[in-house]
Amino acid sequence: MIANLSIRRLRRVPIASILFLAIFLLFILVPLYWMAMTSIKPSDDYLAVPPVWFPAHPTLVHYGAALFAYRGLTGLLNSVIISTAATILSAFLGTLMAYSLARFNTGGQHLSFWVLSQRFLPPIAIILPIFLIYRGVGLHDTHIGLVLAYTVLTLPVTVWMMYAYFRQVPRSLEEAALVDGCTRWQALWRVAVPLAVPGIVAAAVFAFIACWTEFFFALLLTSRNAFTLPTVFRAFIGFQGALYGESSALSVVSLVPSIALGILVQRHLVRGLTLGAVRG
Amino acid sequence: MAPVKITGLHKRFGTVPAVRGIDLTVADGEFTVLVGPSGCGKSTLLRTIAGLEDLSEGTIEIGGRVVNDMRPKDRDVAMVFQDYALYPHMTVARNIGFGLRARKFPPAEIDTRVRRAAAMLGIELLLDRYPRQLSGGQRQRVAIGRAIVRNPQIFLFDEPLSNLDAQLRDEMRSEIKRLHQDLGATMIYVTHDQIEAMTLADRIVLMNAGQIEQVGTPLDLYERPATRFVAGFLGSPKINFIPATLAAGGSSVLLKLGDGQTLPLPASAPQLSASDSGRLVELGIRPQHVGRANGDGARTRIKSAIELVQPTGSRTFVTFRLAGTPVMAELDAHDPGRPGDEIEAGFDMRRAVLIDSETGRVLRAVSP
């Protein structure tokens, strides 16, 4: 009887799931752990055999070098400014475009697909003309230049994510607002946008991460002034070999905003606000 | 409160006509019901009055002002939607007060009005809840509250009860009727449910295929339908249509059924002459006007056999065949007979109508 019970209790433990999750966690966390440790290892420990799992003499010297000597801090600030500005612009313009596509079927069925098709274009196909134009109009190596480029780069995905969301918001809600005394513009901001917030936040997060990790445009469109964090990493692989410590230190720093953002918006990402809007 | 006048209204979606040439006047304080099968253009007409659809041709006047190019918010109408359309991110109180806030009323005034509307509808205790925490009937009340709080000139209802279950629907129907009596406001109400139309309306506008079939009081349409469509749409169970041919019978004209039996013309039919012989017609007679012939001299007698017996409690509906056409009769619940029994049915030809099969119009003597 007792043996029987404990076997049943054991059966309730989903061993396969736990095993799978454990392996999955290791897969995700080990590289991160290695990176974090490398950032505080003295350089002798980088490639030691057997590997050093925790350095005996942790040091912050790589952080200092990466942030100041290699101008990582400037890159970080530039990245924050440019990514934030591009994200806000992309979310704002994306909201307007997506709403227009969803509600008024602007441009028929082709415009919405054309928007998405912009993502099929390899960046390398357009980077040279953009570079030349930027040089010509004085946007090269400016914050505004990169903000514009990133806004255009992220808009297609932003529009498509919000388009799907706006289509879910029942039309009758805005119609009720129109009859109640709103203009179309007010109905958008007071009714449709609040209901699409989860979609807007999700799209904004995607846009921010895309900007934050973008390398190719930043490499070609900036040099000494508006350079972003990813471009700083170039400096760590040189003829003297790879600077593992500095590189890891800067990686840790670049992770912080992404993680903070994830925690901050998690609530919005999962909330289904439209529940209860209409019947059911 | 205001009258609504619609003249020559057309609405096309692309090249597809949805509403074709509507002329309609709704008097101040009148409860008008637009009824018809789905796709007949009744909702489109209502949305055009609200300003949610642009019209293609014609004019709409509300309270004497042409509102054709006016935005919905400037027309001073309120609308209750089929799916309630409550703002899910606002509490009940904020939902009801939304229109007042949009129109920049002072907060104290908004509060007073919201409370008064909530009290009228018995939802004072729900003011702090969100729509998702309410039942269907409560949501519908909030939607109505949002309309009455603004005290608009016109109330528009777009099938407001069709998402409710049967019992709640009856309850809310009475409530809307009471609301109309209390407020005395002009109301235009769209439904596909003929019972809702009959019970609520001062006047019914029966629509079909984008046009008005007939306008009149519920009893008018029920007793004196202008077309076959109107006769068939109103009334439950449905009116019986019995195909026949006009035939000369001595000095008068008779109805000749498919099996050779003859019936006299209905009382409402016009005087026809022998030259009308051979015209195809249909006799329209409601089940209530077909019964047992027992001792009722006024009725035209027909013998047949009972096929189907359907009791409903108060009355029982019995189906038999007349010249191959099933005919339903309403009988006393305690004396319905059984399938297979012979029945001598009596047709009350004073209440029957004669329909021209070719035009679908009811043939009627010019009333004196």
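Cut-offs and rules
Residues numbered from 1 in each chain as written. Chains lettered and ligands numbered in written order. Predicted model: local features only at pLDDT ≥ 70, side-chain atom pairs only at ≥ 80, totals over all residues. pLDDT = per-residue confidence, 0-100. Helix = DSSP H or I, 4+ residues; strand = E, 2+ residues; numbered from the N terminus. Contact = placed C-beta atoms within 7 Å. Nonpolar A, V, L, I, M, F, W, Y, C, P; charged D, E, K, R; others polar. Domains from an automatic or database assignment. Pairing = 2+ DSSP bridges. Axes fitted to C-alpha atoms, helices over the stretch in contact; angles between N-to-C directions.

## Points about the confidence of the model for chain B
Working step 1: Across chain B, the average pLDDT comes to 91, with 98% of residues at 70 or higher.
Working step 2: The least confident element of chain B, judged by mean pLDDT, is strand S12 (residues 252-256) of chain B at 86; the most confident is strand S3 (residues 31-35) of chain B at 97.

## Let's talk about the interface of chain B and chain A
Working step 1: On the chain A side, the residues contacting the 25 residues of chain B number 22 residues.
Working step 2: Among the secondary structure elements, those contributing two or more residues to the side of chain B that touches chain A are strand S6 (77-80) and helix H2 (92-102) of chain B.
Working step 3: Of the residues in the side of chain B that touches chain A, the class split is 16 nonpolar, four polar and five charged.

## Topic: the domain arrangement of chain A
Residue and element names in this part refer to chain A.
Working step 1: Taken domain by domain, chain A comprises domain 1 (2-60) and domain 2 (62-270).
Working step 2: In this structure, domain 1 and domain 2 have C-alpha centres spaced 33 Å apart.
Working step 3: Partitioned by chemical class, the residues of the side of domain 1 that touches domain 2 number four nonpolar, three polar and one charged.

## What to know about the domain arrangement of chain B
Working step 1: Partitioning chain B into structural domains gives domain 1 (4-226) and domain 2 (240-363).
Working step 2: Each of domain 1 of chain B and domain 2 of chain B has a C-alpha centre, and the two are 40 Å apart.

## Side note on the sheet that holds strand S18 (residues 325-332) of chain B
Residue and element names in this part refer to chain B.
Working step 1: Strand order in the open sheet made by the five strands is S15-S19-S16-S17-S18, with antiparallel pairing throughout. Each having just a single partner strand, strand S15 (290-292) and S18 make up the two edges of the open sheet. Ignoring strand direction, the axes of neighbouring strands in this sheet form an average angle of 50 degrees.
Working step 2: With eight bridges connecting them, strand S17 (residues 315-322) and S18 associate as antiparallel partners. Residue pairing in the sheet places Phe320 in a bridge with Val327 of S18.

## Considering the sheet that holds strand S8 (residues 186-191) of chain B
All names here are of chain B.
Working step 1: Here six strands make up an open sheet; going across it, the order is S6-S7-S8-S3-S9-S10 and the pairing mixed. Only two strands of the sheet have a single neighbouring strand rather than two, namely S6 and strand S10 (211-216). Shown here is a sheet whose adjacent strand axes are inclined to one another by a mean of 20 degrees, direction ignored.
Working step 2: Relative to strand S9 (residues 203-208), S3 runs parallel, the two sharing four bridges. Note that in S9 the partner of Val35 across the bridge is Leu206.
Working step 3: Together, S6 and strand S7 (154-158) form the strand contacts of helix H4 (residues 136-148), whose direction differs from that of S6 by roughly 175 degrees.

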